[in-house]
Every structure is written in C-alpha cells, then in structure tokens.
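Architecture and fold: a report
So you can see what is in the structure, the chains are spelled out below.
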Amino acid sequence: MRSLMIGGTGMLAQQTNVEVISNNIANMTTSGYKMQRAEFQDLLYQNIRRPGAQSSDAGTIVPTGIQLGLGVKTASVYRIHTQGTIVITGNNLDLAVNGDGYFQIEMPDGTTNYTRAGSFQLNADGQIVTADGYTLLPGLTVPANTLDITIDGSGQVQAKIDGQIDPQVVGQIQLARFPNNAGLEGLGGNLYRETPASGAAVVGNPAIDGYGTIQQGSLEQANVNVVSEITNLITAQRAYEMNSRVIRTSDEMLSALSQLR
Amino acid sequence: MENTSYIALSRATALERKMQVVANNVANMNTTGFKSESPLFIEYVEKPQKDERYSMALDLGTFRDTSAGPITMTGNPLDVALEGDGYFSVDTLNGPRYTRAGNFALNDNRELVNSAGLPVLDSNGSTITFPPNASDIRISPQGDVSTELGPLGRIGIVRFEKEQALTQLGNGLYQTNEKPVAAEDTAVRQGYLEGSNVKAILEMTNMIEVNRQYQSVQRLLQGEHERLRNAYQKLSRLS
C-alpha cells in the first residue's frame, strides 16, 4: 500500500513547515531577522502507462497515461531578504540599512560574518561592537573624550570631541552585498556566513552603486508578517491532519484486506 | 465460477491505485504549482460465452486538473505566478523542461534559476543574468525583466496543444516532445506564488469513498466465499 508511505511524506513535509513557521513567529521581534519559508516539490512519478504511447497500429495514442506520484519532499527552506520595517530608537549607535547590504562583523577567529541587526555599542577601547562584543569592520576607534557620534547616510562616522568646534571624521562604515542574498548561511545570533551559493561579498560605501543607506538612531525589525504566518500555520496544521487521515484510511483498507478469506 | 472474485480483484486493485493518487494529492497540498490528478477508469467487457457478460474495472489513465491554483502574495521580488495557462521553461542537461512553480532565485553567477537551481529561460531560449550592481528587480505583467540599469529580457512562457500529454518528472517539472507555442495572453505577477490546486474537501470525500468501496468489495468477496462454501457443502451432502 503506497498511499501509507505517501501520507507519511506529507506529514513529514508539513512538520517541517510548522517548524519553519514557528521559528519565524519566535523571531518576530528579533531585529534584523529575515523570515524563512519552506518550499515543497512533488516526488518522482511512476509511469504505469506512458502518455503519448501508441495504443493501436493506426497510430492512435494514449491521451493521458497513468502516472502515479510518490509523495512530497521539502525542496528548500530559504530566507526571504526583503526589507524589514525601520523603527526609530533614538540610540545613536543603532544603525539600520535601508536597502541592500550587510554590516561586516569580525568574529573572534578572524573570519568575517555579516548581519543586518545594527544594534551596536562601544567597547572599552572605543571600538564599535555588536551585542556579543564582536567588532564592526572596517575597524575604527572613537576617541575617549567624545561627546556625540554622528553617522551619516553614506556611512561616514564623525565624532564631536570635547573642546573642538568641528566634528572629527573617525572612519567609514562599509557594507557588503552578495549576488544571491538567499544563499547566505544563517549562523544564529543574527549572523550570516558567505557560501558558494551566495557568491563572494562585494564591499562598498553605503548609499551609492545599489548599496543601501545607513540610518542612524533606527533599527530594522524582523520582516516577519505575523498575519500571514498564522494563516500559514493553520493551513499547515490542517494539511498535517489530512495526511494523517490518508494514513488512517490506508490502514483501514489494509485491515479490510487482512480480513479477507 | 471464479469470475466474481476476479471482477472484485480488478476493482480492489483499481481502488488501491486511486487511493495512491488521492494520497499524492493530499501530500502535495502545499506544493507550489502542483496540479491535482484523478484516475480514470473504464469498464472492460469480456464475453467468454454467448450469454455471459462480465465487466471489469480497468484504469485508463490519470487526468490532470490544469485549473489555476490559488495565487497568494509573498512580496518576494523573485516569486512569480502565471495568470492564465502556460508554463515557465527551465534548462536541464536533457533539454528544456516546463514548470508552473515560479519560486525563483539567483545563483552565484546572478542567473535567474528555479528552486532546484535550473536556469530559467527567456523567450529566446537563453538564460537571464542580472548585472552585479543592480538591486531593484522588476518583472512586468508581460514577463519583461528589468532592473534600474535597464531591461534584461523576457521570461519565456509557453503553452502546449496537448497539455494532458505532458509527462510529470517530479520536482514540479514536466516534459514533452511537443513543440511549445509562446503564450501571449498569460500575465506574470511579480511577488505572488501559485499554490497547489488540490481541493482538500474533494480529496477527503474521495478518500472516504475509496475506503467504503474497498470495504464493500471485501464484503462481496466474503459473500462469494460463503456462497461457494454452502454450495460445496450442499453438493457433497447430495452425493
């Protein structure tokens, strides 16, 4: 009874779907989070009678044939990198990217990872760091007696130093773009890593050549649409139930079969 | 004498096959661009003797419901849905294959590919490559792909005279030897996806029906078994 197994593939797929949706809902208020979506594909088909096969010597052909499907599989769980809502926080080290591009973060092992979550802080050395203490690249040091930091749309960091009239330029924030954002590998902690599918990072200054603009004092919210996630959850749950009905029906048919004599 | 059992057997086999088709439809309830199928049965009549007439159930084929699935908004610029009949063409090593699933992505060469990584073909049969510094991807209802740097080509949308003769390959792909014709009236909707056109209520009722019919076949066989046993008992008592 193949329908038993087919129902099983359906339940597995819907389970993955519910897992992906619940992760999206759990990260509803994670800044810079990009929602994921599970995508399904039908499995191979068994050709019992091939469409287009000849059915007589006169050249008549089978119009439809018999093709029996074998179920469903999860094709991919991919990230949708659309822009999230930008909210104003007033904190002058909260940075949001409006448009394409990722902040570059130096990991403790020296590799570079990427993030959209721009809630930065200063560490003891005056470097701009993430909530985990990893430094923002390219590295820049804010002088100790700084009163205020201004970061403009193109990523230039200016410090207003005590006793000086003109603000001093202390560095330039650069963003990285990828040929295929959806190919980035999520690492948790709001970080992404470059993969062969994403292509190599192209680093450049914000606000030109397709790079997004930096907005100081704001944060990018998750791009999760709660209403659509909840409706997806309902659909997935119902689909799960219906697949379990398939299994039950197949079971009843098998039990009818075993009572034959 | 044994024909009752064989006729019942033909029905039971056909029902199992129908159950498989129903199960596959239910499993693919959330598969992008999936088209539901239903089996077709015909009466197969045989006349072994002059006054006898048996009709068995024979499955003739599976029929694909090519009606459009529900179109849902995703907001992803690389999700496209077809409004009207037609298929996208993708390039494989064995030649072009056709699909209704418009959940596209870019690969590391910035080519437009489908979810399995197969390049999507434009109306001239070549791939669509995005320039590296473009960020705004627009797809017009006619299928014209452009960025802020200029147009890139038109997504090829094709249709077929014998749509039912398309062979399913799994992964949402179809294959045919027929020469495709450009679908002129089909609109492309960017930011939308076509869902599966499986109708849940229909499949559930189909499933209940299959189950009940299977049980009645079983009861028929049971009755036939009793009848034969009675006959043998009575006949052996007579002798």
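All chains use their own residue numbering, which begins from 1 and follows the written sequence. Going through the entries in the order they are written, you letter the chains from A and number the ligands from 1. With pLDDT at 70 or above as the cut-off, local features in this predicted model cover only qualifying residues; side-chain atom pairs require 80 or more to be listed or tallied, and sums for whole chains, interfaces and linings still use all residues.

Let's talk about the packing of helix H1 (residues 2–26) of chain A against helix H1 (residues 3–27) of chain B
- Following both chains from N to C, one finds H1(A) and H1(B) inclined at 5°, their axes separated by 8 Å at the closest point. Between H1(A) and H1(B), the angle is such that the two are roughly parallel. Seen from H1(A), the contacting residues are Arg2(A), Ser3(A), Ile6(A), Gly7(A), Thr9(A), Gly10(A) and Ala13(A); seen from H1(B), they are Met19(B), Gln20(B), Ala23(B), Asn24(B), Val26(B) and Ala27(B).
- Across the contact of H1(A) with H1(B), the residue classes break down as six nonpolar, six polar and one charged. Working convention: axes come from line fits to C-alpha atoms, limited for helices to the stretch in contact. Angles between N-to-C directions cover 0 to 180 degrees. Secondary structure counts use DSSP, requiring at least four H or I residues in a row for a helix and at least two E residues in a row for a strand, with both numbered from the N terminus. Note on terminology: angles under 35 degrees are roughly parallel, angles over 145 are roughly antiparallel, angles of 65 to 115 are roughly perpendicular, and the others are oblique. For the purpose of contact definition, each residue receives a C-beta atom placed from its backbone, and two residues are in contact when these atoms lie within 7 Å. Three classes are used: nonpolar for Ala, Val, Leu, Ile, Met, Phe, Trp, Tyr, Cys and Pro, charged for Asp, Glu, Lys and Arg, and polar for all others, with Gly counted as polar.

A look at the confidence of the model for chain B
- Across chain B, the average pLDDT comes to 87, with 98% of residues at or above 70.
- Both scores are given for the predicted complex: the pTM is 0.80, the ipTM 0.71. pLDDT is a per-residue confidence score from the predictor, ranging from 0 to 100.

A few points about the domain arrangement of chain A
All names here are of chain A.
- We note that the domain assignment places domain 1 (2–81 + 224–258) and domain 2 (86–220) within chain A.
- Computed from C-alpha coordinates alone, the two centres of domain 1 and domain 2 are separated by 41 Å.
- Taken together, the seven residues of domain 1 in the interface contact eleven residues of domain 2.
- For the side of domain 1 that touches domain 2, the residue count by class is two nonpolar, four polar and one charged. Boundaries between domains were set according to an automatic or database domain assignment.

Re the sheet that holds strand S9 (residues 138–139) of chain B
Residues and elements named next belong to chain B.
- Here we have three strands laid out as an open sheet, ordered S9-S10-S11, and antiparallel in their pairing. Edge positions in the sheet fall to S9 and strand S11 (150–154), since each of these pairs with one other strand and no more.
- Two strands are said to pair when DSSP picks up at least two bridges between them. In this sheet, strand S10 (residues 144–147) lies alongside S9 in antiparallel orientation, the contact comprising two bridges. Across the sheet, Arg138 pairs through a bridge with Ser146, a residue of S10.

A closer look at the nonpolar core
- By convention the nonpolar core is taken to be a set of buried residues drawn from Ala, Val, Leu, Ile, Met, Phe, Trp, Tyr and Cys and joined through C-beta atoms within 7 Å. Partly exposed residues are those whose C-beta has more than 12 but fewer than 20 other C-beta atoms within 10 Å; 20 or more makes a residue buried and 12 or fewer makes it exposed, with C-beta atoms placed from the backbone. Val246(A), Val22(B), Ala23(B) and Val26(B) are the most contacted members of the largest nonpolar core, which has 32 residues in total.
- Residue assignment for this core shows that the elements contributing at least two residues are H1, strand S1 (36–42), strand S3 (66–69), strand S4 (72–79) and helix H2 (226–258) of chain A together with H1 and helix H2 (200–238) of chain B.
- In terms of residue count, H1(B) provides more of this core than any other element does, nine residues in total.
- The contacts of Val246(A), once residues within four sequence positions are left out, are Ser3(A), Ile6(A), Gly7(A), Gly10(A), Ala23(B), Val26(B) and Met207(B).
- Residues Val80(B), Ala105(B), Leu118(B) and Leu121(B) belong to the second largest nonpolar core, which totals 27 residues.

Quick word on the interface of chain B and chain A
- Taken together, the 51 residues of chain B in the interface contact 63 residues of chain A.
- When contributions to the side of chain B that touches chain A are tallied by element, the ones reaching two or more residues are H1, strand S2 (54–64), strand S7 (105–106), strand S13 (167–170) and H2 of chain B.

Considerations on the sheet that holds strand S14 (residues 168–172) of chain A
Residues and elements named next belong to chain A.
- Spatially, the three strands line up as an open sheet ordered S12-S13-S14, and their pairing is antiparallel. Each having just a single partner strand, strand S12 (146–151) and S14 make up the two edges of the open sheet. Here the strands of the sheet are splayed against their neighbours by 25° on average, with no regard to which way each runs.
- By the bridge criterion, five bridges tie S12 to strand S13 (residues 156–161) in an arrangement that is antiparallel. Following the sheet pairing, Thr150 is matched in S13 by Gln158.

Observations concerning H2(B)
- In this model H2(B) runs 57 Å from its N-terminal to its C-terminal C-alpha over 39 residues, within 8% of the 57 Å that 1.5 Å per residue would give.
- Of the residues making up H2(B), those classed as buried are Glu203(B), Asn206(B), Met207(B), Val210(B), Asn211(B), Tyr214(B) and Val217(B).
- For H2(B), the elements touching its buried residues are H2 of chain A together with H1 of chain B. Multiplying 1.5 Å by the residue count of a helix minus one yields the expected span of that helix.

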